[in-house]
Amino acid sequence: MSTVTPALQTGHIGLNVSDIEQSKRFYQAIFGFSVTWESQEPGRRCAFLGDGQRLVLTLWEQSQGAFAKDRPGLHHLSFKVNDIAEVRVFEARLKSLEAHFLYESVVPHGEGQDSGGIFFTDPDGIRLEIYSPSGASENPAPTASAPTCGFF
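Residues numbered from 1 in each chain as written. Predicted model: local features only at pLDDT ≥ 70, side-chain atom pairs only at ≥ 80, totals over all residues. Heavy atoms only, no water.

Draft legend 1. Spatial organisation of the side chain of Asp-122. Structurally, Asp-122 can be placed in the loop between strand 8 (116–121) and strand 9 (127–132). Nearest to the buried, unbridged Asp-122 among oppositely charged side chains is Arg-127, at 9.9 Å. Polar contacts involving the side chain of Asp-122 include one to the side chain of Tyr-27, which spans 2.8 Å. A distance of 2.8 Å separates a polar atom in the side chain of Asp-122 from the backbone nitrogen of Asp-124. Beyond its immediate sequence surroundings of up to four residues, Asp-122 is in contact with Phe-26, Tyr-27 and Leu-128. (Helix = DSSP H or I, 4+ residues; strand = E, 2+ residues; numbered from the N terminus. Buried < 20%, exposed > 50% of the residue type's maximum accessible area, 1.4 Å probe, protein only. Lys, Arg positive; Asp, Glu negative; His and termini not counted. Salt bridge = Lys/Arg side-chain N within 4 Å of Asp/Glu carboxyl O. Polar contact = N/O pair within 3.5 Å; in protein donor to acceptor, adjacent residues only side chain to side chain. Contact = heavy atoms within 4.5 Å.)

Draft legend 2. Spatial organisation of the pattern of salt bridges. Scanning all chains against the criterion turns up eight salt bridges. Here Arg-54 ties to Asp-51 by a salt bridge, and the two come within 3.2 Å at their closest N and O atoms. In this structure, Arg-88 and Glu-91 form a salt bridge, with 3.1 Å as the shortest nitrogen-oxygen distance. Here Arg-88 and its partner Glu-91 are both found in helix 2 (residues 84–96), three residues apart, which amounts to about one turn of the helix.

Draft legend 3. The arrangement of the environment of Asn-139 in detail. Tracing the backbone shows Asn-139 in the segment after strand 9. In this structure the C-alpha to C-alpha distance between Asn-139 and Pro-72, which are 67 residues apart in sequence, comes to 31 Å. Not counting residues within four places of it along the chain, the set of residues in contact with Asn-139 comprises Val-106 and Pro-108. A distance of 2.7 Å separates a polar atom in the side chain of Asn-139 from the backbone oxygen of Val-106.

Draft legend 4. A look at the pairing of strand 2 (residues 34–39). Note: strand 2 against strand 3 (residues 46–50), five bridges, orientation antiparallel. Bridge assignment links Ser-39 to a residue of strand 3, and that residue is Cys-46. Hairpin remark: strand 2 followed by strand 3, antiparallel, with six residues in the connecting loop; positive phi at Gly-43, about 80 degrees. (Pairing = 2+ DSSP bridges.)

Draft legend 5. Structural detail: the pairing of strand 3. Extensive coverage of strand 3 is indicated by the burial of four of its five residues. Sheet topology note: the strand 3/strand 4 (residues 55–61) ladder contains five bridges and is antiparallel. Considered in strand 4, the bridge of Gly-50 is made with Leu-55. Between strand 3 and strand 4, which pair antiparallel one after the other, the connecting turn spans four residues, and Gly-52 there sits at a positive phi close to 95 degrees.

Draft legend 6. Summary view of the packing of aromatic side chains. The tally for this structure, following the rule as stated, stands at nine aromatic pairs. With 6.4 Å between their ring centres and 10 degrees between their planes, Tyr-27 and Phe-31 make a pair best called stacked. Residue Tyr-27 and its partner Phe-31 are both found in helix 1 (residues 20–31); the two are separated by four residues, about one turn of the helix. For the pair Tyr-27 and Phe-31, one class covers both residues: buried. Relative to Phe-33, the ring of Phe-31 has its centre 5.2 Å away and its plane inclined at 25 degrees; by these criteria the two rings are stacked. (Phe/Tyr/Trp six-rings, centres within 6.5 Å; stacked < 30°, edge-to-face > 60°.)

Draft legend 7. Quick peek at the nonpolar core. In this structure, Tyr-27, Leu-57, Leu-94, Ile-118, Phe-120 and Ile-130 are the most contacted members of the largest nonpolar core, which totals 29 residues. When residues of this core are traced back to their parent elements, those giving at least two are strand 1 (13–17), helix 1, strand 3, strand 4, strand 5 (77–80), helix 2, strand 8 and strand 9. With five residues, the single largest contributor to this core is helix 1. If we skip the residues at most four places from it in the chain, Phe-120 touches Phe-26, Ile-30, Leu-94, His-100, Phe-101, Leu-102, Ile-126, Arg-127, Leu-128, Glu-129 and Ile-130. (Core = buried A, V, L, I, M, F, W, Y, C linked by side-chain atoms within 4.5 Å.)

As structure tokens, then:
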């Protein structure tokens, strides 16, 4: 019996949302996703969002209230880009949409690390990150003793 684990990649991400139309607008405005399929059936509303080549995000309108970080489940959702310039493009886009940022600007993942990005929330308070593997060391880490994306 082999102990080798096959290489896995994330398929798509499914999020419970409270208002499907608001969430679709948010994710489309930020990432440029298109709706590849949706259901408007009462009580079963959902939307599949893609980037033109693959399904990236599915939204399920079956929640009320806001994201609860004090319960087991999703901690945060992270999107990787190629470089810090791309992070800054998203930062400007999010600021124009008056998104809620968890830190003021680009921050490194930890003290002395070059990787990092921006941390913000979606309309339901789900914590999101857009990061680059390098170029974020210009600012200090918000917390020197813990990963930036760990306890926010």
